Amino acid sequence: MKRFMASVITVIAAVVILAAAALGVFLFIKYSPSKTMADQSIWYDVSGDEMAVMLDGGQVPGVTGRYVDGQAYLPLTWVTDSLNERFYWDEENSQLIYALPDTIVYADAATTGANGKPLFIQQEEQVWLSAGLVGTYTDIRTETFAEGAAKRLFVDTKWDPEQVAVLKKEGRVRVRGGVKSEILTDVPKGGELIVLETMDKWSRVRTEDGQVGYIQNRLVKQTETRTLISTFEEPVYTNISLDEPIVMVWHQVTIAAANDAMETLMANTRGVNVIAPTWFMLTANDGSFDSLASQSYVDKAHAMGLQVWAVLDNFNRGQEVQSEVLFASTAARRKLIAGLMDQVSRYGIDGINLDIEGIKPAAGPHYVQFIRELSVSCRQNGIVLSVDSYVPSAYTSFYNRAEQGRVADYVVIMGYDEHYAGGDAGSVASLGYERKGIEDTLAQVPEEKVISAIPFYTRIWKEENGTVTSDAMGIARAQQWIQENNVELYWQEELGQYYGETEKNGIRYSVWMEEERSIGLKMDLIRDYGLAGVGCWKLGFEPADLWDIVQLP
C-alpha cells in the first residue's frame, strides 16, 4: 500500500511539474518580447525608388514619392490636393507654372534647382515635384530618409510645440503597441524621440532615423517641449479696395449703339459709384474676344464720378467657346490677358469684372489659374479685379471661391435665378436663398471682399397644359403687368416677397415679386453682414424710386 501511494504521489508530482513547465513555456511565449525585425518594405509598402510619404507623422495611404538621383519628389496631384493648390501643370507645353502676387514663374524639364537637379520629373504619365521646390512655396518642412529597405519622406505642416523624449535605457520601437509586435528600430540609451501620441503603457513616437512606431513608456526618462519656428513668408496679395461701400450696376451692352443710352439710364439712379458695361465677349478658344469699349463712355462715366469695370463674359458671343479648352491653354490665357490689358490701357478702364458662367467642372482648375494670372497683371497696373460667382453649392465648388477671394479684389455673389427658366416655378431670389448665399460665401471669402448682387427683375411664370414656362421681366415692367392684369399680391414672410397669381384664357400666371420691400430686406442683409457692397442686374430694369432703397452708408 505504501509503495502504491508513493507511486501515485510520484505520478502526480510529475504531472504537476510538467504542467508547470508547460505553463511556464506558454507564459514565456505569450509575454516575452518578440525579437523579430519588421520587413520595412512590406510595412511601408514601398520598394526600389518609391518613398513612403509621411504627413504630420502618419503615412499617407496610397501615396508614394520618388527618390531619383539623390533627390526626393512628391506627386503633383497630391501636392495640389493636400499642400499647395497653386502648382499648376500645363499639359500642352509640359511645363510647371506658379503664380505669385506680382509675377508668374515658369519651369520646364530643363529647369533645375540650386543643386543642379530637375525641379520636376515625369514618370509613368505622372508629374513629380522636388520636395525642395514644394518647400520653397509652401509652409512645410521636409526630411528624407533614403537608407534601408524602405525610403521615407516626412512632410510636416504643423508648427505646434512638440514633445521630445529621452530614453533612460535602450529600447525598441515596434510597429504596434505590445511586446509581440515586430521591431522597426532600436533606440540607444539617451536617444531622442518625438512623442506623437501618449497612451497608458505605450507611446507613438518618431525616431531620429525616421521610423514611426511604438515604445514602452517605462523606458522614457524625461520629456521636454521643443518650440518650432517657421521662417516661411506667405506671399502677400495686395488688393485694391474702394474707400466707400460699392454700389455697382451692370449695364448690358450688346451692340455699340447701346453705349449711347448710359447717361439717360444713369439719370434715374442715386448713389451708384461703379458701372459695369458688358463690353468684352469671348469668341474663340484661342483667347479672342470682341470689344464694345467706348472712350466717350468712359470719359462721361468718370465725369459722373463713376468707376468703369468692364465685363468679360463667355455667353453673349461665346457659343463656340469651350472653357475647358480655352483656359487650359497657356497661350490662350496669355493672349486674353494681354488683350484685356490693352483695352484697359487704351480706354482708361478702372476694373475688369469676370462673368464666366456655365463652365464644366473639368475647366475649374484652369479658370482659377486664369484668375490668378489675370490678377498679377491687374495688380501691376492698378486695375480692380472682380469675379462673379454663383451662390455656393456642391456642384459649383470647382469655381474655388476661397482662391478667388485671395487673389481677386472682390467676389460678387450672383444671388439670383434660384428658380430659372426651364425649371420649376418659384422665386428668383428669396430672402433665405440670399442669406444662405452670403453665409456660405463668407465661409470662404472675407466680408470686405464680398459684393452681393441682387436682381432688378422677376419672372412671370406661365402654366398651360402641364407645361411651365417663364418670361424675365424688369421690376418696372412687372409692376405695370400686375396692374394691367389686376393681380393681387400677398406678402410671404418666409420668402421675404409678395406673391400673386391669376388665370387668363386657360393659362395660370404666377409671380414672386421683386419690389421696394423685398429689395430693402436684401439690402438689410448686406448691411448686417458688413459686406463690401451691392451689385444690381441690370440698369434700366428698375423704377427710379427703387434707388431710395438701394443705398449704402
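What you see is a predicted model; the values in this text were computed from it and never measured.

Regarding the overall build of the protein
- Of the regular secondary structure elements, the protein holds 13 helices and 32 strands.
- Oriented by its inertia axes, the alpha-carbon framework of the protein measures out at about 125 × 65 × 45 Å.
- When burial is assessed residue by residue, the protein has 48% of its 553 residues classed as buried.
- With the model as given, the accessible surface of the protein reaches about 26,100 Å², and the carbon-plus-sulfur share is 51%.
- The average position of the 48 basic charges and that of the 75 acidic charges among the side chains of the protein differ by 14 Å.

Overview of the pairing of strand β19 (residues 274-277)
- Here β19 shows two buried faces, one formed by Val274 and Ala276 and the other by Ile275 and Pro277.
- Bridge count between strand β18 (residues 246-251) and β19: 4 bridges; the pairing is parallel. When the bridges of β19 are listed, valine 249 appears paired with isoleucine 275.

Observations regarding helix α8 (residues 330-347)
- Compared with the 26 Å implied by 1.5 Å per residue over 18 residues, the 26 Å span of α8 between its first and last C-alpha is a close match.
- Here α8 has its buried residues at Thr330, Ala332, Arg333, Leu336, Ile337, Gly339, Leu340, Met341, Gln343, Val344 and Tyr347.

Quick notes on the pairing of strand β29 (residues 489-492)
- Sheet topology note: the β29/strand β30 (residues 497-504) ladder contains 4 bridges and is antiparallel. Following the sheet pairing, tyrosine 490 is matched in β30 by tyrosine 499.

Describing the sheet that holds strand β31 (residues 507-513)
- The antiparallel open sheet is built from 5 strands, whose spatial order is β28-β27-β31-β30-β29. Among the strands making up the open sheet, the edge pair consists of β28 (467-474) and β29. Taken over all neighbouring pairs, the strand axes of this sheet differ in orientation by 25° on average, direction set aside.
- Alignment of strand β27 (residues 457-464) against β28, held across 8 bridges, turns out to be antiparallel. Looking at β28, one finds that tryptophan 461 is bridged to serine 470.
- In this fold helix α12 (residues 475-484) packs onto β27, β28, β29, β30 and β31, with an angle of close to 120° to the strand it touches most, β28.

Examining helix α9 (residues 364-381)
- Under the 1.5 Å per step criterion, the end-to-end length of α9 is 26 Å for 18 residues, consistent within 8% with the ideal 26 Å.
- Across the 18 residues that make up α9, a large majority, 15, are buried.
- Note on α9: the residue one or two positions beyond its end, glycine 382, has a positive phi of about 65°.

Topic: the packing of helix α11 (residues 431-442) against helix α13 (residues 516-528)
- At a closest axis distance of 10 Å, the pairing of α11 and α13 adopts a crossing angle of 20°. On the basis of the axis angle, α11 is roughly parallel to α13. Of the two possible hands of crossing, α11 and α13 adopt the one that is right-handed. Here Leu431, Glu434, Arg435 and Ile438 of α11 come into contact with α13, specifically with Leu521, Lys522 and Leu525.
- Looking at the contact of α11 with α13 residue by residue, the class counts come to 4 nonpolar, no polar and 3 charged.

Description of the pattern of salt bridges
- Across all of its chains, the model carries 26 salt bridges by this definition.
- A salt bridge links arginine 206 to glutamate 143; its shortest N-O distance comes to 3.0 Å. Linking arginine 206 in strand β15 (residues 202-207) with glutamate 143 in strand β9 (residues 141-145), this pair joins segments that are 63 residues apart in sequence.
- Of the residues examined, arginine 206 reaches a relative accessible area of 9% and is grouped as buried.
- Where salt bridges share partners, they join Glu85, Arg86, Arg372, Glu403 and Arg406 into one cluster.

Remarks on the sheet that holds strand β4 (residues 87-90)
- Overall, antiparallel pairing links the 3 strands, which are arranged β4-β5-β6 in an open sheet. Edge positions in the open sheet fall to β4 and β6 (104-107), since each of these has one partner strand only. Direction aside, neighbouring strands of the sheet carry axes that sit 25° apart on average.
- The pairing of β4 with strand β5 (residues 95-99) spans 4 bridges and is classified as antiparallel. Paired with tyrosine 88 across the two strands is isoleucine 97, which belongs to β5.

So, the packing of aromatic side chains
- Evaluation of the coordinates by the stated rule reveals 20 aromatic pairs.
- Their ring planes at 80° and their centres at 6.0 Å tell us that phenylalanine 87 and tyrosine 137 sit as a pair that is edge-to-face. One end of the pair, phenylalanine 87, is in strand β4; the other, tyrosine 137, is in helix α4 (residues 131-137), and 50 residues separate them in sequence.
- Arranged with centres 4.8 Å apart and planes meeting at 70°, the rings of tryptophan 279 and tyrosine 297 form a pair that is edge-to-face. Of this pair, tryptophan 279 sits in the loop between β19 and β20 (280-282) while tyrosine 297 sits in helix α6 (residues 295-303); the two residues are 18 residues apart in sequence, bridging distant segments of the chain.
- Of the residues examined, tryptophan 279 reaches a relative accessible area of 0% and is grouped as buried.
- Tyrosine 297 gets classed as buried once you look at its relative accessible area, which sits at 2%.
- One aromatic cluster in this structure is built from Phe327, Tyr367, Phe370, Tyr390, Phe398 and Tyr399.

Some words on unusual backbone geometry
- For the bond running from tryptophan 537 to lysine 538, omega is 0°, close enough to zero to count as cis.
- A positive phi angle, near 55°, is found at asparagine 505, a position not held by glycine.
- Along the chain, asparagine 505 falls in the loop between β30 and β31.
- Overall, asparagine 505 belongs to the exposed group, its relative accessible area being 72%.

A closer look at the side chain of glutamate 514
- By the secondary structure assignment, glutamate 514 is in the loop between β31 and α13.
- Within the structure, the side chain of glutamate 514 is placed 2.7 Å from the side chain of glutamine 497, a separation counted as a polar contact.
- Reaching out from glutamate 514, the side chain makes a polar contact with the side chain of serine 518 at a distance of 2.8 Å.
- If we ignore the near neighbours within four places in the chain, the residues touching glutamate 514 are Ala429, Pro455, Tyr457, Thr458, Ile475, Gln497, Ile519 and Lys522.

Analysis parameters
Residues numbered from 1 in each chain as written. Predicted model: local features only at pLDDT ≥ 70, side-chain atom pairs only at ≥ 80, totals over all residues. Heavy atoms only, no water. Helix = DSSP H or I, 4+ residues; strand = E, 2+ residues; numbered from the N terminus. Buried < 20%, exposed > 50% of the residue type's maximum accessible area, 1.4 Å probe, protein only. Areas by Shrake-Rupley, 256 points an atom, 1.4 Å probe, with all protein chains shown as cover. Lys, Arg positive; Asp, Glu negative; His and termini not counted. Charge placed at Lys NZ, Arg CZ, Asp CG, Glu CD. Pairing = 2+ DSSP bridges. Expected span 1.5 Å × (residues − 1). Axes fitted to C-alpha atoms, helices over the stretch in contact; angles between N-to-C directions. Contact = heavy atoms within 4.5 Å. Parallel < 35°, antiparallel > 145°, perpendicular 65-115°, else oblique. Left-handed = near helix turned anticlockwise from the far one by under 90°. Nonpolar A, V, L, I, M, F, W, Y, C, P; charged D, E, K, R; others polar. Salt bridge = Lys/Arg side-chain N within 4 Å of Asp/Glu carboxyl O. Phe/Tyr/Trp six-rings, centres within 6.5 Å; stacked < 30°, edge-to-face > 60°. Polar contact = N/O pair within 3.5 Å; in protein donor to acceptor, adjacent residues only side chain to side chain.

Just distances and angles here, no functional claims.
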